[in-house]
Amino acid sequence: MALAIFDLDETLINGDCASLWSEQMARLGWVDGKAFLRRDHELMQAYGKGHLQMEDYMAFSLEPIAGRTLEEVEHLVEPWVEEVIEPIIYSDACRCIAEHRQRGDRILIISASGTHLVGPIAARLGVDEYLAIELEAVNGVFTGRTHGVLTYREGKITRLLEWLDQEQENLEGASFYSDSRNDLPLLLKVDHPYAVNPDAVLREHAQINGWPILNWS
């Protein structure tokens, strides 16, 4: 049994769940839709270029849920996953997860999005284990802040190594599937890196190093 690790946004789904949730918060009237989505777009462009400070994005994107209860947010995320996320799950991703499961591999999603989104999406994908950006809550109410190491770039490695230690697991024979240059640190750590619908930087790196390039739909 080996680990099969998957990025989430633009890898398992055809979109970015954080930006799609921003659109949902605009529909809910939680934010000034036009200005908020414009800023979200600017920050996501920086992410695509590898320039984003994830702390900045999380502070921005979590502000609308500050002061809201975990139950309120969960109640609204669940139908959003069904209506918005489920239709954009890649069929090839589902097949790949199923193939790893048939081999007896352990499936793990590791994402730079928040747990309030990643958890329900992972459940919809039939994946029980995931690592994502942890959100701070006090007495069942979101503060709008994160806590712990953010699962972004090298932070994914830090959190994964902690998880491996806790679970008495290792990376021997592990696979990692991602679309993004931001995941190169972790892709370089595994025995079997896969570039899924990769951005230009990851595609070039995959071609130079002979990594499989997968075109999922």
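All values derive from a computational prediction rather than experimental measurement.

Caption draft 1: Highlighting the layout of surface pockets. Reported here for the largest pocket is a volume of approximately 160 Å³. If you trace the largest pocket, you find it lined by Asp9, Glu10, Asp16, Met44, Gln45, Tyr47, Gly48, Asp179, Ser180 and Asp199. Partitioning the lining of the largest pocket into residue classes produces two nonpolar, three polar and five charged.

Caption draft 2: Structural detail: the packing of helix 1 (residues 17-28) against helix 6 (residues 115-124). Viewed as axis vectors pointing N to C, helix 1 and helix 6 meet at an angle of 105°, and their least axial separation amounts to 10 Å. By the angle between their directions, the pair helix 1 and helix 6 is classed as roughly perpendicular. From helix 1, Cys17, Ala18 and Trp21 reach across to helix 6, where they touch His116, Leu117 and Ile121. Of the residues contributing to the contact of helix 1 with helix 6, the split by class is five nonpolar, one polar and no charged.

Caption draft 3: Summary view of the pairing of strand 2 (residues 106-114). Across the nine residues that make up strand 2, a large majority, nine, are buried. As paired elements, strand 1 (residues 3-6) and strand 2 share four bridges and run parallel to each other. Across the sheet, alanine 4 pairs through a bridge with isoleucine 107, a residue of strand 2. In terms of strand pairing, strand 2 meets strand 3 (residues 130-133) through three bridges, oriented parallel. Its bridge partner being in strand 3, glycine 114 is matched across the sheet by isoleucine 133. For the crossover from strand 2 across helix 6 to strand 3, the handedness is right-handed.

Caption draft 4: Just the sheet that holds strand 1, in detail. Spatially, the six strands line up as an open sheet ordered 3-2-1-6-7-8, and their pairing is parallel. Lying at the two open borders of the sheet, with one neighbouring strand each, are strand 3 and strand 8 (213-214). Here strand 1 runs beside strand 6 (residues 175-178); their pairing, made up of three bridges, is parallel. Residue pairing across strands places phenylalanine 6 opposite tyrosine 177, the latter belonging to strand 6. Across the sheet, helix 7 (residues 154-167) is in contact with strand 1, strand 2 and strand 3; its angle to strand 2 comes to roughly 140°.

Caption draft 5: Inspection of helix 2 (residues 33-48) at higher detail. Helix length check: helix 2, at 16 residues, gives a terminal C-alpha distance of 22 Å against a target of 22 Å (1.5 Å per residue), a fit within 8%. Those residues of helix 2 that sit buried are Phe36, Asp40, Leu43, Met44 and Tyr47. An end-on view of helix 2 places all buried positions within 100° of arc, on one side of the element. Phi turns positive, to about 80°, at glycine 50, one or two residues after helix 2.

How each quantity is defined
Residues numbered from 1 in each chain as written. Predicted model: local features only at pLDDT ≥ 70, side-chain atom pairs only at ≥ 80, totals over all residues. Heavy atoms only, no water. 1 Å grid on protein atoms, 1.4 Å probe; cavity = no way out; pocket = protein on both sides within 12 Å on 5 of 7 lines; lining within 4 Å. Points joined across faces, edges and corners; volume = space filled by probe spheres on them. Nonpolar A, V, L, I, M, F, W, Y, C, P; charged D, E, K, R; others polar. Axes fitted to C-alpha atoms, helices over the stretch in contact; angles between N-to-C directions. Helix = DSSP H or I, 4+ residues; strand = E, 2+ residues; numbered from the N terminus. Parallel < 35°, antiparallel > 145°, perpendicular 65-115°, else oblique. Contact = heavy atoms within 4.5 Å. Buried < 20%, exposed > 50% of the residue type's maximum accessible area, 1.4 Å probe, protein only. Pairing = 2+ DSSP bridges. Right-handed = clockwise from strand over helix to strand, strands pointing away. Expected span 1.5 Å × (residues − 1). Arc of directions from axis to C-beta.

Read these as layout, nothing more, since geometry by itself doesn't imply function.
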